[in-house]
Amino acid sequence: MARSPKGSTPTKASSDVSFIADWNDLRAFSDLDGIAKVDDPDRMLEQWRSDPIPPGLGGVEATVGRLETAEASILPLLARHSRAVCRVSVPSGPYTDFIGERADAPWVGTGFLVSPNLLLTNHHVLNSVEVAEAATVEFNYQITEPDLLDGPPDSVPAATVFRLNPRRLFVTSPMTGFDYSFVWIEPAAAQAFGAIRMTRGSFTVRQTEPTYIIHHPNGAPKQVSLDDTEVLSLNSSAVLYAADTAGGSSGAPVFCKRGRLVALHHAWRRTRAAQALFPTLTGRLNDGGHTDVVNEGIKLSAIAIDLEGRVAMGGEDASAAASVLSAFSGSDTLTGLFGSLGRHGAERGRDAERGAERGAELSPYEKVVQIYRGSEMDIDIGAWNIEWFNRNYKEPGKLDRVAKIITDLNLDIWALVEVSREAVDALVETLQKRFKQQYRADYSEPDAGSGKQATAVLWRPNVVEGGAVPWPDEIDELLRKSSREDLPFEAVHGKIFNRYPGLFRFRLKSETKAFDFYLVPLHLKARGEGSLRRRLASRVLSYAVERMIDTHGRDQDWILLGDVNATLASQDFEPLIEGGFTPLSASDEANGAFTYLKSPYKSLIDNIFVSANLSDSVDPDQFFVVATDRAVSRFVQDVSDHRPIAMRLSLADLPDAPAEGTGAAPGADRDADAAFRALLAAAGAAAPQRATPAAGALTTVSGGTRSAWLAGERTKSAFLRDNGLRFAQEIAATNAALRAQYGADAIMLTAEDVAAIVMAEAGVTSAGLIDPTFVHSNGEHGLLPLPDNIDFWVGTGAPAYDAPMALGDNLQTYLAYLGALKNKPVKTSAGRVLYTDLFRATGIADRPDRGAKLLAGVVHGYFWSGNYADRRVPIEALLSGFAADTPLGPLMQATGYVHAGKPLLEGRQRNLEDGLALAAALRAA
């Protein structure tokens, strides 16, 4: 039976620490009654945490009370976890503790490593940077095995001591929040003692299940609570359990029966005292006994949501919070793949309105509940090729595995590709029987036989309502045309749409939002089977949607998504971009999917969030890439050869916006144009009439505007000004790719970088006008000179540096090259990682203008030894000069640069200053 804490407490009284959750109703997840994302949380918990009990074999053995055995593998697992747990000791000093009192006496707590550089404990253990700086952490402070076996120890255990570095990273949530602190620690600690993985899952532990806590009660050598430790209740943010703890246990990890980290221990109450606040608490245990103590742990899933909120708000610790989030893995079934993205702030939702009426801001606990209830403010949509499942769904376990993935990612709508009606119907039935999750399905080809693969849509009827609707006859005829039969030449291989692209319409079931949209699930064959055919399909789709909007008045948002087994080439996007679509693409066949959104007239879409295997987002404000460690990754090999793609449409009230004229992109594929016209003629459809836009005209797309690259009759400065919006979009796309590749610490490309480089590097004609076909001194083709090792910087898909290329390809590749220069480690010189550490140097990191000049210096070879007579690069002198904003002439004259004193440097200085003056136009865009 759990016992009350004994002995003295060398820390601030734990009774000063309040529980964060409301425990007046001890039913599991009672605070989420009526939540839309999960129909039956109790059933979901049962399915995710069910532990099969082996059948009895007879004999003299018996179960005493409730059977609560554990797998034997828990022992070595907990032993590994234990190594990462440490004692946290804070000396008295000239700082204040968590309740604002001067630290006249020392205190201790518990902490544990959660990544190579992060230690996690409670805020009331380490409440400030000053306290964390003064603290020491001691690993391996525990009784040795010989002392444990042979009797009481005769000496104090040895320990390995480390110091923390909160000046580098410190993220804390106060006692009015979730009582956590993440602190930077040198990597040697994790190298010696390992780290405990953090995951986002909600359904990680069930009521009555035992918990295991590894801690330093009263600062004593490390101990573990194993007996009478069962879960008394749990809700969206916390776990209540009966394990023994004491002062000094604060900040300990709480593990479930399977050894998974589920909570951060932070507070205890004597049962009698707790009952005054939470009258439903009884203290009754599984075996009929009674506990005098109840403890509360903060769920890791709630901490992750709180951190995501900090990132979204963009405060002082947003960057540090993003770094901590990168240590989390998995997804939270209660919020779906995207967690709290698009659901931030107390200003959204009916709960917030009630909070405003009360005149009180919602607490962090209430905000978590609000986020879990946020489904009427967003729609999660995914697409997945599960051809493997379609062929094998009757085999044992196949339906259960796919249903578990669908449930865990918890999207509202799925476009399923290469499936049959029979397989999808069986999947819907399994979702209902096993998880009590209600889904409905409709089909692009409802009359197709069971053996034919097609596309289907699966949706949550408590979130959206809708289904398949017919295309108008003239568009349906066009979609069904055979390219082999209807085109006057044999340039197109196979049917344009080998799976009929059905049309579906959905409406959000919401008391506050009137939002509906069209969805078209797509499947096209692999790239090698006919690029021309796929470009033709792009033209057909763009034309079909344009006709639906202009002729039939269907001016809702349009989503076209599906599996194409390979990324469409850049020129394949053009017909859809011309039609006002915003493209997203995947990078390889396993990720193979493309998605386009169109909202040419009006939209309620505020933000769009996409899964990590989608890239090439083009809008600076509307697209965000989700961390790559979300749950999608682990499903590829087990269930399908293809990864799902997913997006979250986050809704807000937006004003209506009229569409601008659209224009054809330069360099469109002539063969595809000819084939498209022939196909239209065969279908009896009218060709689209597009007005050529005036210079600088913009075309409206979902969430923003964009222009084609305007090349002719422009100086470099006019080119920058006229293309300000397009440059801003491409900078945002480059930065999204940098975040995906290099993480939250990636160094972003700036408007100053791009403007300065264009002014310094762009090729021009003899008349001083920009020349997209310019041939540079080393044979590079294009407006901006790609280096001959461009593949090293941006990958093998880069265009050849010495061959003609489209202006868009040249500029996009060059921006990717600039981003790689700022982020890709090349080598270490003079103790600095080149070139990344240069941009983090004091006096440069926080000055975009100086960073742009430094980047131009890297491009121009100021950090290449071959440009110095003694073959030594004066790195520190250069950095000091750039940080002091020294003009190039005197700066390079003092370094021994081979071209010092030449007019070249004066010209570059003028170009840099002109470019920085123009950067404001890009920022304004």
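See the structure shown above.
What you see is a predicted model; the values in this text were computed from it and never measured. (Residues numbered from 1 in each chain as written. Predicted model: local features only at pLDDT ≥ 70, side-chain atom pairs only at ≥ 80, totals over all residues. Heavy atoms only, no water.)

Trainee: In this structure, what is going on with the overall build of the protein chain? I would like to understand it.
Mentor: For the protein chain, the helix and strand inventory stands at 29 helices and 33 strands. Within the protein chain, the fraction of its 925 residues that count as buried is 58%. Sequence separation of at least 24 residues holds for 73% of the intrachain contacts in the protein chain that already meet a minimum separation of 6. A total accessible area of about 37,300 Å² is found for the protein chain, and carbon and sulfur atoms account for 50% of it. (Helix = DSSP H or I, 4+ residues; strand = E, 2+ residues; numbered from the N terminus. Buried < 20%, exposed > 50% of the residue type's maximum accessible area, 1.4 Å probe, protein only. Contact = heavy atoms within 4.5 Å. Areas by Shrake-Rupley, 256 points an atom, 1.4 Å probe, with all protein chains shown as cover.)

Trainee: Whenever I open this one, the pattern of salt bridges confuses me. Can you help?
Mentor: For side chains bearing opposite charge, pairing can occur when the charged atoms are close. Counted by the stated rule, this structure contains 23 salt bridges. Where Arg421 meets Asp425, a salt bridge forms, and the shortest distance between an N and an O atom there is 3.8 Å. With Arg421 and Asp425 both in helix H13 (residues 421-435) and four residues apart, the pair spans about one turn of that helix. We classify Asp425 as partly exposed; its relative accessible area is 37%. In this structure, Glu876 engages Arg832 in a salt bridge whose closest nitrogen and oxygen atoms are separated by 2.8 Å. (Salt bridge = Lys/Arg side-chain N within 4 Å of Asp/Glu carboxyl O.)

Trainee: Mind showing me how you'd approach the nonpolar core here?
Mentor: The nonpolar side chains of soluble globular proteins are, as a tendency, buried together. Counting 79 residues, the largest nonpolar core has Leu126, Phe139, Phe182 and Leu307 as its most contacted members. Among the elements that take part in this core, helix H7 (residues 300-313) stands out by supplying six residues, more than any other. Contacts of Leu307, omitting those with residues within four sequence positions, involve Val171, Tyr180, Phe182, Ala321, Val324, Leu325 and Phe328. Formed by 60 residues, the second largest nonpolar core is a distinct cluster that contains Ala751, Leu821, Val858 and Leu888. (Core = buried A, V, L, I, M, F, W, Y, C linked by side-chain atoms within 4.5 Å.)

Trainee: What should I look at first to understand empty space enclosed by the protein in this one?
Mentor: Under the definition given, this model contains six cavities of 30 Å³ or more. Here the largest cavity defines a volume of roughly 60 Å³. Taken together, Val419, Ser420, Arg421, Tyr443, Glu445, Ala448, Gly449, Lys452, Ala454, Thr455 and Ala456 form the lining of the largest cavity. The element contributing the most residues to the lining of the largest cavity is strand E20 (residues 454-459), with three residues. (1 Å grid on protein atoms, 1.4 Å probe; cavity = no way out; pocket = protein on both sides within 12 Å on 5 of 7 lines; lining within 4 Å. Points joined across faces, edges and corners; volume = space filled by probe spheres on them.)

Trainee: Sorry if this is basic, but what is going on with the side chain of Thr455 here?
Mentor: Its location among the elements puts Thr455 in strand E20. Among the polar contacts listed, one links the side chain of Thr455 to the side chain of Ser444, at a separation of 2.6 Å. Here Thr455 is in contact with Leu416, Val417, Val419, Tyr443, Ser444, Arg499, Tyr500 and Pro521, once residues within four sequence places are set aside. (Polar contact = N/O pair within 3.5 Å; in protein donor to acceptor, adjacent residues only side chain to side chain.)

Trainee: What is the right way to look at the environment of Ala448 in this model?
Mentor: With respect to the helices and strands, Ala448 occurs in the loop between strand E19 (440-443) and E20. Linking Ala448 and Ser420, residues 28 residues apart in sequence, is a C-alpha distance of 8.1 Å.

Trainee: Got a minute to help me understand the packing of aromatic side chains in this structure?
Mentor: To describe a pair of aromatic rings, you give the distance between the ring centres and the angle between the ring planes. Overall, the coordinates contain 17 aromatic pairs when judged by the stated rule. The interplanar angle of 70 degrees and the centroid separation of 4.8 Å between the aromatic rings of Trp709 and Phe727 together place this pair among those described as edge-to-face. Pair noted here: Trp709 is in the loop between strand E31 (704-706) and helix H20 (716-722) and Phe727 is in helix H21 (residues 724-742), with a separation of 18 residues, a long-range link. Residues Trp709 and Phe727 agree in their burial class; the two are buried. Ring-pair connections join several aromatic residues into one group, and the members of that group are Trp459, Phe506, Phe515 and Phe517. The lysine or arginine in question, Lys824, covers the ring of Phe792, its NZ or CZ lying 3.7 Å from the ring centre. (Phe/Tyr/Trp six-rings, centres within 6.5 Å; stacked < 30°, edge-to-face > 60°. Lys NZ or Arg CZ within 6 Å of the ring centre and 35° of its normal.)

Trainee: Help me out: how do you make sense of the packing of helix H26 (residues 848-859) against helix H27 (residues 875-883) in this one?
Mentor: Packed helices, taken two at a time, are described by the angle between their axes plus the distance between the axes. Direction vectors running N to C along H26 and H27 enclose 145 degrees, while the axes themselves pass 9 Å from each other. For H26 against H27, the interelement crossing comes out right-handed. Touching Arg850, Lys853, Leu854 and Gly857 of H26 are Leu879, Phe882 and Ala883, all from H27. By residue class, the composition of the contact of H26 with H27 is four nonpolar, one polar and two charged. (Axes fitted to C-alpha atoms, helices over the stretch in contact; angles between N-to-C directions. Left-handed = near helix turned anticlockwise from the far one by under 90°. Nonpolar A, V, L, I, M, F, W, Y, C, P; charged D, E, K, R; others polar.)

Trainee: Any chance you could explain the sheet that holds strand E9 (residues 212-215) here in plain terms?
Mentor: Two strands in a sheet stick together by hydrogen bonds in their backbones, pointing the same way (parallel) or opposite ways (antiparallel). Pairing within the open sheet is antiparallel, and its seven strands lie in the order E10-E9-E13-E14-E15-E12-E11. Each edge of the open sheet is held by one strand with a lone partner, namely strand E10 (223-225) and strand E11 (231-234). Ignoring strand direction, the axes of neighbouring strands in this sheet form an average angle of 30 degrees. Here E11 runs beside strand E12 (residues 238-241); their pairing, made up of three bridges, is antiparallel. Bridge pairing in E12 links Val231 to Tyr241. (Pairing = 2+ DSSP bridges.)

Trainee: Sorry if this is basic, but what is going on with helix H8 (residues 318-325) here?
Mentor: Where burial is concerned, most of H8 is hidden: seven out of the eight residues are buried. All of the buried residues in H8 are Ala318, Ala320, Ala321, Ala322, Ser323, Val324 and Leu325. Contacts made by the buried residues of H8 are with strand E3 (118-121), strand E6 (170-173), strand E7 (180-184), strand E8 (198-199), H7 and strand E16 (328-329).

Trainee: So what exactly am I meant to see when it comes to the sheet that holds E6 here?
Mentor: Spatial ordering of the open sheet is given by E5-E4-E1-E2-E3-E7-E6, a layout of seven strands whose pairing is antiparallel. Bordering the open sheet on either side are strand E5 (160-163) and E6, each of which pairs with just one other strand. Going from strand to strand, the sheet's axes swing by 30 degrees on average, the running direction of each strand aside. Two elements, strand E1 (residues 85-90) and strand E4 (residues 136-139), share four bridges in a ladder whose sense is antiparallel.

Trainee: What exactly am I supposed to notice about the environment of Tyr95 here?
Mentor: Among the secondary structure elements, Tyr95 is positioned in the loop between E1 and strand E2 (107-115). Under the relative-accessibility criterion, Tyr95 is labelled buried at 10%. Distance from Tyr95 to Ala134, taken between C-alpha atoms, is 9.5 Å for residues 39 residues apart in sequence. Ignoring any residue separated from it by four or fewer positions in sequence, one finds Tyr95 in contact with Val90, Glu101, Arg102, Ala103, Trp107, Glu130, Val131 and Ala134.

Trainee: How should the pairing of E4 be read in this particular structure?
Mentor: In regular strands, side chains alternate between the two faces of the sheet. Strand direction decides the pairing type here: E4 and E5, joined by four bridges, are antiparallel. By the bridge assignment for E5, Glu138 is matched with Val161.

Trainee: What am I meant to see in unusual backbone geometry here?
Mentor: Peptide bonds are trans in most cases, and residues, glycine excluded, mostly fall at negative phi. Each neighbour pair has its own omega, and for Leu834 with Tyr835 the value is 0 degrees, a cis peptide bond. Among the structural elements, Tyr835 can be located in the loop between strand E33 (832-834) and helix H25 (836-839). The backbone of Asn140 shows a phi angle near 65 degrees, a positive value even though the residue is not glycine. Along the polypeptide, Asn140 turns up in the loop between E4 and helix H4 (145-150). With relative accessibility at 35%, the residue Asn140 sits in the partly exposed group. The phi angle at Asn218 is positive, at roughly 55 degrees, despite the residue not being glycine. Within the fold, Asn218 resides in the loop between E9 and E10.

Trainee: Sorry, what's going on with the side chain of Asp306 here?
Mentor: Examined against the element boundaries, Asp306 turns out to sit in helix H7. In contact with Asp306, other than residues within four places in its own chain, are Ser173, Phe178, Tyr180 and Pro364.

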